[in-house]
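Close look at the chain arrangement
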Amino acid sequence: MRRRSIGVLVVVLAVVAAVAGCEPSGGSTPRVEDARCAKLQRPRALQPHEERNLADRCLRINQLQVLASHNSYHVQARPELFAAIRGFDPALAATLEYTHGPLRRQLSRQGIRQIELDVFADPEGGRYADRAGLRVIGQDPIGPDALQRPGMKVLHVQDLDFESTCLTLVQCLRQLRRWSDDNPRHLPIVVQIEPKDDVLPDLGLGFVEPIPFRSPEFDDLDAEIRSVLGDRLITPDDVRGGRDSLEEAVLEDGWPTLGRARGRFLFALDTGGPKLDAYVAGHPALEGRVAFTDSAPGTPEAGYLVRNDPVEGGPEIRDLVARGYLIRTRADADTQQARTGDTTMREAAFASGAHFVSTDYETPDTLFGTGYVVDLPGEGPARCNPVNAPTGCERVVLEELGSR
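Residues numbered from 1 in each chain as written. Predicted model: local features only at pLDDT ≥ 70, side-chain atom pairs only at ≥ 80, totals over all residues. Heavy atoms only, no water.

Let's shift gears to the overall build of the protein. Across its full length, the protein holds 15 helices and 10 strands. For the protein, the C-alpha radius of gyration of 23 Å lies close to 22 Å, the compact-globule estimate for 404 residues. Summarising its shape, the C-alpha atoms of the protein cover approximately 95 × 50 × 40 Å along the three principal directions. Across the 404 residues of the protein, 55% fall into the buried class. Sequence separation of 24 or more characterises 72% of the internal contacts of the protein that already satisfy a separation of 6 or more. When the accessible surface of the protein is split by element, carbon and sulfur atoms take 51% of a total near 17400 Å². Where the 47 positive side-chain charges of the protein centre and where its 60 negative ones centre are 10 Å apart. (Helix = DSSP H or I, 4+ residues; strand = E, 2+ residues; numbered from the N terminus. Rg over C-alpha atoms; globule rule 2.2 N^0.38 Å. Buried < 20%, exposed > 50% of the residue type's maximum accessible area, 1.4 Å probe, protein only. Contact = heavy atoms within 4.5 Å. Areas by Shrake-Rupley, 256 points an atom, 1.4 Å probe, with all protein chains shown as cover. Lys, Arg positive; Asp, Glu negative; His and termini not counted. Charge placed at Lys NZ, Arg CZ, Asp CG, Glu CD.)

Here it is as structure tokens:
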């Protein structure tokens, strides 16, 4: 009886270890010897339910690669204002000559799974409602009512390049939530936020001066995000678990499984210097914060990194991906690739293994005659990461929209 009891105990412990290994709390890379995850490598055909279960249980959010849109809200300035900007600074105008469709269309039709929003603090409302650039060209400068209300505004450059498919952060987030409601098993959507407070040169035109981002403004930013998506967030606290350092959790325990991340949103802050310091101050390892930050490796807050040059920085990006960081890079910048048709940066971005490959051309260029477009290799809105995906990843279905 004693020998049999020991044998039963060994079997029970082995089963518990296999189950725990397939879905550890922090999201470390599943071991191929785990009984259920090992099916990824077996030659036999998988049933649809097996594909879904394996994807959810055995793949991590950092083992995929997806498309991102740059300044996802951006609409090119109306013709008269754009002509005025081009007459003053042709080089600047060239960088602004692009337009994205509504966020919902990007998610549903172009397979975008990371969006980028530029935000300006406006706690009292109305700060960006009177657009000086329109006054210069003799048009009514007063914007829609949404600009009069308190809250973060979404635009590129105050007074000049301000057209947006969603004028406020809350509007943008509500659009994302409605799409998520309709597609509850979507892959996690990453929202990269750039907090903006640059002051334009004083040309005597009455340009508004933005409110600097400091701790109170960042508290407001977190509160607005929580007000719309609070129940669907993947936060630094979620990933850090019981570790003292977010970086330690990311590198040792890993990111969440797809099963734990579906239908949810992860926010990342793209900033540095005093603004980064202000966001982290009082929140060691981002405790209590909503967004991950572009903090340097070796700091307690590190985990999400922005590396926008995949040509020169390709080897570094591949190394960081292999180590376990989440990386965002760019396939094009300032409309240059669309004007020339050069795909060098695009191909380097895909090959680097960066998880989020950002572009202004998720649909083909129609302005410059090149047809330049950034389309993720393969089918669907995600592919297995070329650097760190486990063997057999390509056998599973990564996302099914509209399913519940």
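Read on, since the account is not over.
The next subject is the side chain of threonine 271. Tracing the sequence through the fold places threonine 271 in the loop between strand S5 (265-269) and helix H12 (273-280). In contact with threonine 271, other than residues within four places in its own chain, are Pro195, Leu276 and Asp294.

Taken as a whole and assessed by the stated rule, the structure comprises 23 salt bridges. For aspartate 237, the salt bridge is made with arginine 240, and the minimal N-O distance between the two is 2.6 Å. Pair noted here: aspartate 237 and arginine 240 are both in helix H9 (residues 236-240), with a separation of three residues, about one helical turn. When salt bridges with common partners are traced through the structure, they connect Asp56, Arg185 and Arg262 into a single cluster. (Salt bridge = Lys/Arg side-chain N within 4 Å of Asp/Glu carboxyl O.)

Let us now look at the packing of helix H7 (residues 169-182) against helix H8 (residues 215-229). Between H7 and H8, the least distance of the axes is 9 Å, while the angle of their chain directions is 30°. With respect to H8, the axis of H7 lies roughly parallel. Where H7 crosses over H8, the two elements pack in a sense that is right-handed. On H8, the residues that touch Leu169, Val170, Leu173, Arg174 and Arg177 of H7 are Leu221, Glu224, Ile225, Val228 and Leu229. Residue composition of the contact of H7 with H8, grouped by class: seven nonpolar, no polar and three charged. (Axes fitted to C-alpha atoms, helices over the stretch in contact; angles between N-to-C directions. Parallel < 35°, antiparallel > 145°, perpendicular 65-115°, else oblique. Left-handed = near helix turned anticlockwise from the far one by under 90°. Nonpolar A, V, L, I, M, F, W, Y, C, P; charged D, E, K, R; others polar.)

On to the nonpolar core, then. Counting residues in hydrophobic clusters, the biggest one holds 81 residues, and the most contacted among them are Leu117, Leu169, Val191, Ile193, Leu221 and Phe267. The greatest single-element share of this core, amounting to six residues, is contributed by H7. Contacts of leucine 169, omitting those with residues within four sequence positions, involve Leu117, Val119, Met152, Val154, Ile193, Leu221, Glu224 and Ile225. Phe82, Ala93, Leu96 and Tyr128 belong to the second largest nonpolar core, which has 12 residues in total. (Core = buried A, V, L, I, M, F, W, Y, C linked by side-chain atoms within 4.5 Å.)

Time to look at the state of the cysteines. This structure, assessed with the given rule, holds three disulfides. In this model, cysteine 384 is linked to cysteine 393 through a disulfide, with the two sulfur atoms separated by 2.1 Å. Across the disulfide from cysteine 384 to cysteine 393, rotation about the S-S bond amounts to roughly -95°, and the bridge is consequently left-handed. You'll find cysteine 384 and cysteine 393 in the same group, each marked buried. The connectivity of the disulfide bonds within the protein can be written as 1-2, 3-4, 5-6, using the sequence rank of each bonded cysteine. (Disulfide = S-S within 2.5 Å.)

This part is about a nonpolar patch on the surface. Residues Phe88, Val136, Leu203 and Leu205 make up a contiguous nonpolar surface patch of roughly 400 Å² in combined accessible area. Its place among the elements puts leucine 205 in the loop between strand S4 (189-195) and H8. (Patch = residues over 30% accessible without salt bridge, like charges linked within 9 Å, V, L, I, M, F, W, Y side chains within 5 Å.)

Here we take up H8. The terminal C-alpha atoms of H8, which comprises 15 residues, lie 21 Å apart, in line with the 21 Å expected from a rise of 1.5 Å per residue. Within H8, the full set of buried residues consists of Glu217, Phe218, Leu221, Asp222, Glu224, Ile225, Val228 and Leu229. Looking down the long axis of H8, one finds its buried residues gathered within 160° of arc, a one-sided arrangement. The elements touched by buried residues of H8 are strand S2 (112-120), H7, S4, S5 and H12. (Expected span 1.5 Å × (residues − 1). Arc of directions from axis to C-beta.)

Before going further, it helps to spend a moment on the environment of leucine 398. Relative to the elements of secondary structure, leucine 398 occurs in the segment after strand S10 (382-384). The buried category is assigned to leucine 398, whose relative accessible area is 10%. Residues leucine 398 and alanine 55 lie 343 residues apart in sequence; the distance between their C-alpha atoms is 6.2 Å. With sequence-adjacent residues up to four places away left out, leucine 398 is seen in contact with Leu59, Leu64, Leu187, Leu258, Arg262, Ala382, Arg383 and Cys384.

These results come straight from atomic positions and should not be treated as a statement about function.
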